[in-house]
Amino acid sequence: ERVGEYVTRSMLGLTGEQDARTYLEAQGMTHVASNWHCRAGELDLIMLDGEELAIMEVKARRGERNGRAEESIGPSKARKLLASAEWFVSAHDAHHHRIWRIDLLALTYDGSGRIERIAHIPNAIVTG
């Protein structure tokens, strides 16, 4: 049973990241990287918003009975995101000069898998 749950949850995560990228590109942002890993953690999506680097934490949920997706980032996750973002910028010369921020993009899906709600919160994480 747990395996099925995990597969379903990971598939939801992948679908959420794909839908998030599509949504952000429709808003005029340019994709830079996806699922970037370092020792500090992982960054879901890295986008260019004009000249600014927008690092996206993507949260996807089915319904809101367990709370909204945007309510699910605690201090430990915030610290990891900030450290990972600093690592990304320092590892990529093309982005050293850029102002960067960490946004939250929360997607809520209905029971049939359609997007019910999208919440984009710029500068969602400013401190760990």
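Everything that follows concerns the structure shown earlier in this document.
Residues numbered from 1 in each chain as written. Predicted model: local features only at pLDDT ≥ 70, side-chain atom pairs only at ≥ 80, totals over all residues. Heavy atoms only, no water.

**Here's the deal with the overall build of the protein chain**
Spelled out, the test is: Secondary structure follows DSSP: runs of H or I at least 4 residues long count as helices, runs of E at least 2 residues long count as strands, and numbering of each begins at the N terminus. Contacts between residues were defined by any pair of non-hydrogen atoms, one from each residue, lying within 4.5 Å. Accessible areas in this description were obtained via Shrake-Rupley with a 1.4 Å probe; residue shielding takes into account the shown protein chains only.
Secondary structure summary: the protein chain contains 2 helices and 5 strands in total. Starting at the N terminus and walking to the C terminus, you meet the elements of the protein chain as α-β-β-β-α-β-β. A sequence separation of at least 24 residues applies to 55% of the contacts in the protein chain between residues at least 6 apart. Working note: accessible area of the protein chain is about 7,500 Å², and carbon and sulfur atoms make up 49% of it.

**Some points on the pairing of strand β4 (residues 100-109)**
Cut-off, in case you're wondering: Partly exposed describes any residue whose relative accessible area lies between the buried limit of under 20% and the exposed limit of over 50%, with all areas from a 1.4 Å probe on protein chains only and scaled to the type maximum. Note on pairing: two strands pair once DSSP finds at least 2 bridges between them.
Of all 10 residues in β4, 9 are buried, a share of seventy percent or more. In the sheet, strand β3 (residues 52-62) pairs with β4 via 10 bridges, with the strands oriented parallel. Bridge pairing in β4 places Val58 opposite Leu105. One ladder, built from 6 bridges, connects β4 with strand β5 (residues 115-121); its direction is antiparallel. The partner of Leu105 across the bridge, within β5, is His120.

**Some remarks on the pattern of salt bridges**
For the record, the criterion: When a carboxyl oxygen of Asp or Glu is within 4 Å of a side-chain nitrogen of Lys or Arg, the pair counts as a salt bridge.
Tallied over the entire structure, the rule returns 8 salt bridges. One salt bridge connects Asp49 with Arg101, and the closest N-O pair in it is separated by 2.8 Å. Here the residue Asp49 occupies a position in strand β2 (residues 41-49), and Arg101 occupies one in strand β4, the gap between them amounting to 52 residues. The salt bridge involving Arg101 is made with Asp103; its shortest N-O contact spans 2.7 Å.

**Topic: unusual backbone geometry**
For Asn35, which is not glycine, the phi torsion reads 50° and is therefore positive. Look at Asn35 and you get partly exposed, because its relative accessible area is 31%.

**What to know about the sheet that holds β4**
Spelled out, the test is: Axes, fitted as lines to C-alpha atoms, cover a helix only where it is in contact. Angles between the N-to-C directions of the axes lie from 0 to 180 degrees.
Strand order in this open sheet of 5 strands is β1-β2-β3-β4-β5, and the pairing throughout is mixed. On the outer flanks of this sheet lie β1 (30-38) and β5, each paired with one strand and no other. Along the sheet, successive strands turn relative to each other by an average axial angle of 25°, direction set aside.

Limitation: the analysis is restricted to geometry and does not speak to function.
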